Amino acid sequence: MIRRAPRGLAEHAPILFPALMLVVFFVIPFSLMIAVSVFRRVPGGFYEPDLVFANYERFLTAFFGGVMSFSLGLAALVAALAVGIAFPFTYRLVRLSRGAQIRWLVFLLSILSLSEVIIGFAWSTLLSRTAGITNLFVALGLMAEPQSLSPSFGALLAGLVYQAFPYTVLVLYPALARLDPYLEEAARTLGSSPLRAFFTVVVPALRNTIVATTIMVFVFALGSYLLPQLLGRPQHWTLSVLITDQAIYQSNMPFAAAMAVFLVLVSLALVGLALLAGRREETA
Amino acid sequence: MSALVLDGLTKRYGPVTAVHGASLRIPHGQFVCLLGPSGCGKTTLLRMIAGLEDPSGGRLLIDGRDITTAPAHTREFGMVFQSLALFPHLTAGENIAYPLRIRGAAKAEQRKRADELLELVRLPGVADRPVSKLSGGQRQRVAIARALALSPKLFLLDEPLSALDAKLREAMQIELKQLQQRLGITTIVVTHDQREAMTMADLVVVMSQGRIHQAAPPMEVYRQPADAFVADFIGMTNLLEGEITAHGAVAVPGGRLHLPNLPPSGPVLLSVRPEDVIVHPAGLDGPNRLDGTLSFMRDLGASVEFRIDVAGREIVALTRPQDRPPVAPGGALSVEFPPAACVVLPPMAERPQ
Amino acid sequence: MNETTGKQGLHAAMTGGIGRRTVLAGAGALAAVAAIGFPNIVRAQSKTLKVGVYGGYFKESFEKHIFPEFSKATGITVEAVAEPTGEAWLVQLEQAARARQAPADVSMMSQVAMLKGAAAELWAPFDLSKIPNAAKVVPHLVNKYPDGKVSGIGAVSWYITLVTNTKSYPQAPQSWAALWDPANKDKLGLLALVSNSFLLEVTAATFFGGTKHLDSEQGQLDCFKKLAELKSNVKLWYRDEAQFEASLKSGEIPMGQYYHDVTGLAAADGQPVRSTFPKEGGILDSGSWAVTRASKAGDLAHVFVDYMCQPSIQALLSRKVGTAPTIDRKLTDLTDQEFAAVSSDIPPIIPRYDLYQSKSDWLNQKWTEMIVG
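All values reported here derive from a predicted model rather than from experimental measurement.

## What to know about the overall build of chain A
Right, so step 1: Broken down by element type, chain A carries 13 helices and 2 strands.
Right, so step 2: Along the longest, intermediate and shortest principal axes, the C-alpha atoms of chain A span 75 × 70 × 35 Å.
Right, so step 3: Burial status across chain A gives 43% buried among its 284 residues.
Right, so step 4: Considering only contacts in chain A between residues 6 or more positions apart, those separated by 24 or more positions represent 67%.
Right, so step 5: When the accessible area of chain A is evaluated, it comes to approximately 14,300 Å², of which 71% is carbon and sulfur surface.
Right, so step 6: Separation between the mean location of the 18 positive side-chain charges and that of the 12 negative ones in chain A comes to 7 Å.

Next comes the structure, spelled out in structure tokens:
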């Protein structure tokens, strides 16, 4: 095989299709969104082409600043918890027998196939006073009477982490499966307890994978808009919920677009960070 | 005197037994090689010694203290893994200093010890390099240095040289042996390379199918193999099945051999190294000779190899070039088995590959 | 149970909410609209009327109970078009009208959409002389242009009432003021949007003597301030009706606002729920028939709307679809029980749709800040 830069249309063909898809499904919609975000809202109507920044001005208020920082904080917490739980889980998973691994992965994929609505309903039932888990605690004598645990911040967090968990495991899986299993054993022969070996060797050795996965889960959680409605109280509604409100219920496309552009820019900045981390890993 | 004692160590994985009751006493300062084909249980045995596998039975004692169930990190044994298992996020120096860091040693002390050890493995000045920037041989030395950082009581190596090319491997064998002699540390190396075992070890432990067949110094293993497996696995040998006849003689295919020290009766197996087999031109009578025809011959430079068909069995003989009989393939020969060179082995139930 | 969940689609669609089945139906409608751009040769020859109704349960019910009877009676074939939710249908009608196309001749429109369409003069005025039955429609369900021309005529209406779980509340509450009762802390489920909960109107009617109080900005702020007082009583601000309905039935959220007819059906199924018309009145929301000015089947549309306003058809809708009659109940043959299942004689709270047209963004922002803050 001679490696050289492709010449002519025919040799470029293999990348034309993905490039086209990227343009059609990302560049064009995103450009349209940016365009709409500076359009002028016609109250009682829809919107008209224009170049105004009122939508961005409206966004830059303490209220939306508060919602934005809550959304970012929530997404960060979800990412930290999901990775914090999924990492040790996956570390154990890759050491199971092949059959057991396949069963777990099928189970995780089946969670992935659940819609956000179903997850939201399942958790609100699980955390309800009338049919929820506290009834079990009461039966076991751990609680005096059943309590309602949803909607609440804890319920929202649980739902989001549950939803993000399978993604997190599937993203971590290849890196952990490739990790030399003897690293941990080496650390043990050098005087580290298994737990200490995990934290001083396994975790630092996969630092960049962990960072990249955390950012992915963060972006994923940032886009969640159904679970905050189903499991959270209004103060737990994320920016995505408000974008949905504006786009669907208020028909205020310019404002929804302005908020969405802002959210996409934050997401892109974080993906950029992930790529940067990946590059450092390569040079390391 | 400190010693490591394996007392019936056994490891079972479900219905499969990887190690059958391994018993062995390793005196202090010995260089031991666990030698055997892949899957013979040698690595499992080493990992049980290291504390990385829990034995299903038996005991493990060091200096009379039972450490059978002691966790790996309390044993203070240094181990070099086949993959080396260098920590990719640390520099060479940090890798070596890792056990000191775990014990809370000061930064300066860590650095000093890392430099000392790099000196010891003849790799000074690489402490600050990431391990990914080191060559295969350099990594090897870093892994050895790291395992020795705490001056362990026991130095364990799992196929440590298998990743190196032949020339470097040879050099490292010598270096490893010298290092071990300098430190006087009890060392156990797992290898499937008999040459490596023979050149380095004070004690060779030959294993197959989870059992120890023989544990003896290299020359003894070679000259006095305990059974057919050892005889066949270590070097090349001719195995002759025979039946003891009444008067201290063995009937083998193609004739009869007279040997001392034979059991009174029954079937036996004889092992004769090719270099001990003497080749004579046909028709010259003498003791312990069998007639055959030359089927194949090749010149190996330092010696000549003959393959001779004796009553349907192939006998291999190595001769100095100047002793080579004037015969062409297809010609008749006779081969002599000197009694002193014939090792009498118990008969085999099944013939190892 | 199936019927109840189907109705959620209906209400969600009419109030601008988004139910799952209505989203699907909306996608279908888009496809239908795409196909409509061609000249309607076939339709010109036979007498066919394209009627836009919200997709899902609503369209199914109309196709099952209403349209076949209408065709039999008039010889006009109805082509039902599923409308998407929100204001997408309004936008489509506007854009099509500019190209002199009519994706549907008559459409069922929410009241806010009626006002927005009227602002763009999208609706062809009705000639009431051709719709004798329109005289029976209650006045507040007749939409008019500022000059008095009729832009729309009430198609369906329904009530949102005070609902309770009968196990948690053996006594039915009497007034919307129960929502503010400190004893009901963390027990309410209310609709999450200013434009579908109509709680500003409820507040005005309960504490400020009527929805006229919302005329001024000060009045609106009064209502927001009063509403903020019940926040600690609200456990769930819901967008998804099924979530609240399930919680109401189980008693998890034992009080709130919900659709009168759906609650009645659940109670008839044996669920421990009840719907109460508070003394201030239930919230009466509605949809109107309107004809796009691009329609060339105006005469047929008049026949259709007249047919729909007949007492017997209104009674049929009440019985089969669960909507409140748009005409005086005395003109219908509904029994007291049948009438109570969909409506009440207590004067209703009529939403201030004009506000949601003129001050939509401001109200929405205030509302969101009120409940989120």
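## So, the overall build of chain B
Right, so step 1: The secondary structure content of chain B amounts to 9 helices and 20 strands.
Right, so step 2: Projecting the C-alpha coordinates of chain B onto the three principal axes gives extents of approximately 80 × 45 × 35 Å.
Right, so step 3: Out of the 353 residues in chain B, the part that is buried amounts to 51%.
Right, so step 4: The contacts of chain B with a sequence gap of at least 6 include a subset with a gap of at least 24, amounting to 66%.
Right, so step 5: Accessible surface computed for chain B: about 15,600 Å², of which carbon and sulfur atoms make up 53%.
Right, so step 6: Chain B carries 37 positive and 36 negative side-chain charges, and their two centres are separated by 7 Å.

## What to know about the interface of chain A and chain B
The parts lose accessible area when they come together, and the size of an interface is often stated as this lost area.
Right, so step 1: Of the residues lining the interface, 21 residues belong to chain A; the matching set on chain B comes to 24 residues.
Right, so step 2: Buried surface at the junction of chain A and chain B, summed over both partners, amounts to about 1,900 Å²; 61% is from carbon and sulfur atoms.
Right, so step 3: Among the residues of chain A in contact with chain B, Arg188(A), Thr189(A) and Leu190(A) are the three that bury the most area, contributing 34% of the side total.
Right, so step 4: Glu185(A) serves as the salt-bridge partner of Arg47(B), at 2.5 Å between the closest nitrogen and oxygen.
Right, so step 5: Where chain A packs against chain B, one counts 8 residue pairs in polar contact (both at pLDDT 80 or more).
Right, so step 6: Classifying every residue of the side of chain A that touches chain B by side-chain character gives 11 nonpolar, 6 polar and 4 charged.

## Examining the domain arrangement of chain B
All names here are of chain B.
Right, so step 1: For chain B, the domain assignment lists domain 1 (3-227) and domain 2 (236-345).
Right, so step 2: The gap between the C-alpha centroids of domain 1 and domain 2 is 41 Å.
Right, so step 3: If you look at the interface, domain 1 gives 7 residues, while domain 2 gives 6 residues.
Right, so step 4: Buried surface at the junction of domain 1 and domain 2, both sides included, amounts to about 530 Å², of which 44% is carbon and sulfur.
Right, so step 5: Connecting domain 1 to domain 2 are 1 salt bridge.
Right, so step 6: Across the domain 1-domain 2 interface, the total number found is 3 residue pairs in polar contact (both at pLDDT 80 or more).
Right, so step 7: Within the side of domain 1 that touches domain 2, the residues separate by chemical class into 4 nonpolar, 1 polar and 2 charged.

## Considering the side chain of Asp158(B)
All names here are of chain B.
Right, so step 1: Among the secondary structure elements, Asp158 is positioned in strand β7 (residues 154-158).
Right, so step 2: Despite its burial, Asp158 pairs with no opposite charge, the nearest such side chain being Arg47 at 6.1 Å.
Right, so step 3: Excluding anything up to four places from it in sequence, Asp158 contacts Thr43, Leu46, Met79, Val80, Phe81, Gln82 and Val190.

## Focus: the sheet that holds strand β2 (residues 16-27) of chain B
Residues and elements named next belong to chain B.
Right, so step 1: Strand order in the open sheet formed by 4 strands is β2-β1-β4-β5, and the pairing between neighbours is antiparallel. The open sheet has two edge strands, β2 and β5 (65-66), and neither has a second partner.
Right, so step 2: Pairing geometry for strand β4 (residues 57-62) and β5, over 2 bridges, is antiparallel. Paired with Ile62 across the two strands is Arg65, which belongs to β5.

## Concerning the sheet that holds strand β12 (residues 249-252) of chain B
Residues and elements named next belong to chain B.
Right, so step 1: With respect to topology, 5 strands assemble into an open sheet ordered β13-β12-β11-β14-β20, the strand pairing being antiparallel. If you trace the sheet from one side to the other, it starts and ends with β13 (255-258) and β20 (343-345), each paired once. Adjacent strand axes in the sheet meet at a mean angle of 40 degrees when their direction is disregarded.
Right, so step 2: Both strand β11 (residues 238-245) and β12 contribute to a ladder of 3 bridges, which runs antiparallel. Residue pairing across strands places Ile244 opposite Val250, the latter belonging to β12.

## Thoughts on helix α16 (residues 360-372) of chain C
Right, so step 1: Helix length check: α16(C) (13 residues) gives 18 Å between terminal C-alpha atoms against 18 Å at 1.5 Å per residue, within 8%.
Right, so step 2: Buried within α16(C) we find Ser360(C), Leu363(C), Asn364(C), Gln365(C), Trp367(C), Thr368(C), Met370(C), Ile371(C) and Val372(C).

## Details of the packing of aromatic side chains
Right, so step 1: Taken as a whole, this structure holds 34 aromatic pairs over all chains when the rule is applied.
Right, so step 2: One aromatic cluster is present, formed by Phe62(C), Phe67(C), Phe70(C), Trp289(C), Phe304(C) and Tyr307(C) through successive ring pairs.

## Examining the side chain of Gln110(B)
Right, so step 1: Of note, Gln110(B) is situated in helix α4 (residues 107-120).
Right, so step 2: In this structure, Gln110(B) is in contact with Ala97(B), Leu100(B), Arg101(B) and Ala105(B), ignoring residues within four places of it in sequence.

## Observations regarding the pattern of salt bridges
Right, so step 1: Throughout the structure, instances matching the rule amount to 36 salt bridges over all chains.
Right, so step 2: Taking the shortest distance from any N to any O, the salt bridge between Arg324(B) and Asp299(B) comes out at 3.5 Å. Of the two residues, Arg324(B) is situated in the loop between β18 (313-319) and β19 (332-336) and Asp299(B) in strand β16 (residues 289-299); the sequence distance between them amounts to 25 residues.
Right, so step 3: Classification of Arg324(B) as partly exposed rests on a relative accessible area of 37%.
Right, so step 4: In this structure, Arg352(C) engages Asp354(C) in a salt bridge whose closest nitrogen and oxygen atoms are separated by 3.2 Å.
Right, so step 5: Judged by relative accessible area, Asp354(C) falls into the partly exposed class, the value being 34%.
Right, so step 6: One connected set of salt bridges, linked through shared partners, spans Arg298(B), Glu305(B), Arg307(B) and Glu314(B).

## Describing a nonpolar patch on the surface
Right, so step 1: Where nonpolar side chains cluster on the molecular surface, the patch consists of Leu20(A), Leu22(A), Val23(A), Val24(A), Phe25(A), Phe26(A), Val27(A), Ile28(A), Leu32(A), Leu265(A) and Leu268(A) and spans about 990 Å² of accessible area.
Right, so step 2: Examining the composition of the nonpolar patch, we find that 9 residues originate from one element, helix α1 (residues 8-37) of chain A, more than from any other.

## Examining the nonpolar core
Soluble, globular proteins show a tendency: their nonpolar side chains are buried together.
Right, so step 1: One finds Ile188(B), Phe62(C), Leu179(C), Trp237(C), Trp289(C) and Phe304(C) to be the most contacted residues of the largest nonpolar core, which totals 187 residues.
Right, so step 2: Counting residues per element, this core draws most heavily on helix α3 (residues 62-93) of chain A, at 14 residues.
Right, so step 3: The residues contacting Leu179(C), other than those within four sequence positions of it, are Leu162(C), Leu188(C), Leu190(C), Leu199(C), Leu230(C), Asn233(C) and Met255(C).
Right, so step 4: Judged by nonpolar contacts, the second largest core, of 46 residues, contains Ile96(B), Leu148(B), Leu164(B) and Val230(B).

## Some points on the environment of Ile76(C)
All names here are of chain C.
Right, so step 1: You can see Ile76 is positioned in the loop between α4 (57-74) and β2 (77-83).
Right, so step 2: Sequence spacing of Ile76 and Ala301 is 225 residues, and the spatial spacing of their C-alpha atoms is 10.0 Å.
Right, so step 3: Apart from residues no more than four positions distant in its own chain, Ile76 is found in contact with Lys47, Thr48, Leu49, Phe70, Ser71, Leu300 and Val303.

## Comments concerning the pairing of β4(B)
Residues and elements named next belong to chain B.
Right, so step 1: Of the pairings in the sheet, the one linking strand β1 (residues 3-13) to β4 comprises 5 bridges and is antiparallel in character. By the bridge assignment for β4, Asp7 is matched with Arg59.
Right, so step 2: Taken together, β4 and the strand that follows it, β5, pair antiparallel across an intervening segment of 2 residues, in which Asp63 is found at a positive phi of about 50 degrees.

## Comments concerning a positive patch on the surface
Residues and elements named next belong to chain C.
Right, so step 1: A surface patch of positive charge is lined by Arg98, Arg100, Arg293 and Lys296.
Right, so step 2: Examined against the element boundaries, Arg293 turns out to sit in the loop between β10 (283-291) and α12 (298-308).
Right, so step 3: Assessed through its relative accessible area of 46%, Arg293 is described here as partly exposed.

## Looking at the UniProt feature "transmembrane region" (unreviewed entry) in chain A
Residues and elements named next belong to chain A.
Right, so step 1: Look at the UniProt record and you will see "transmembrane region" (unreviewed entry) annotated at residues 12-39, 59-90, 102-123, 153-176, 197-227 and 255-278.
Right, so step 2: Secondary structure across residues 12-39 comprises 93% helix and 0% strand; the distance between its end C-alpha atoms is 37 Å.
Right, so step 3: Here residues 102-123 runs as 86% helix and 0% strand, with 26 Å between its end C-alpha atoms.

## Considerations on the arrangement of the chains
Right, so step 1: The chain pair with the greatest number of contacts, out of 2 pairs of chains in contact, is formed by chains A and C.
Right, so step 2: Between chain B and chain C there is no contact, and the shortest C-alpha to C-alpha separation is 45 Å.

## Quick word on empty space enclosed by the protein
Residue and element names in this part refer to chain B.
Right, so step 1: The tally for this structure, following the rule as stated, stands at 5 cavities of 30 Å³ or more.
Right, so step 2: Considered as a void within the structure, the second largest cavity measures approximately 60 Å³ in volume.
Right, so step 3: Contributing to the lining of the second largest cavity are Leu120, Val121, Arg141, Ile144, Met172, Glu175, Leu176 and Leu179.
Right, so step 4: When residues of the lining of the second largest cavity are traced back to their parent elements, those giving at least two are α5 (136-148) and α6 (166-183).
Right, so step 5: Residues that form the lining of the second largest cavity fall into these classes: 6 nonpolar, no polar and 2 charged.

Rules of the game
Residues numbered from 1 in each chain as written. Chains lettered and ligands numbered in written order. Predicted model: local features only at pLDDT ≥ 70, side-chain atom pairs only at ≥ 80, totals over all residues. Heavy atoms only, no water. Helix = DSSP H or I, 4+ residues; strand = E, 2+ residues; numbered from the N terminus. Buried < 20%, exposed > 50% of the residue type's maximum accessible area, 1.4 Å probe, protein only. Contact = heavy atoms within 4.5 Å. Areas by Shrake-Rupley, 256 points an atom, 1.4 Å probe, with all protein chains shown as cover. Lys, Arg positive; Asp, Glu negative; His and termini not counted. Charge placed at Lys NZ, Arg CZ, Asp CG, Glu CD. Buried area = accessible area lost by both parts, 1.4 Å probe. Salt bridge = Lys/Arg side-chain N within 4 Å of Asp/Glu carboxyl O. Polar contact = N/O pair within 3.5 Å; in protein donor to acceptor, adjacent residues only side chain to side chain. Nonpolar A, V, L, I, M, F, W, Y, C, P; charged D, E, K, R; others polar. Domains from an automatic or database assignment. Pairing = 2+ DSSP bridges. Axes fitted to C-alpha atoms, helices over the stretch in contact; angles between N-to-C directions. Expected span 1.5 Å × (residues − 1). Phe/Tyr/Trp six-rings, centres within 6.5 Å; stacked < 30°, edge-to-face > 60°. Patch = residues over 30% accessible without salt bridge, like charges linked within 9 Å, V, L, I, M, F, W, Y side chains within 5 Å. Core = buried A, V, L, I, M, F, W, Y, C linked by side-chain atoms within 4.5 Å. UniProt positions renumbered as here; feature names shortened; annotations may be inferred. 1 Å grid on protein atoms, 1.4 Å probe; cavity = no way out; pocket = protein on both sides within 12 Å on 5 of 7 lines; lining within 4 Å. Points joined across faces, edges and corners; volume = space filled by probe spheres on them.

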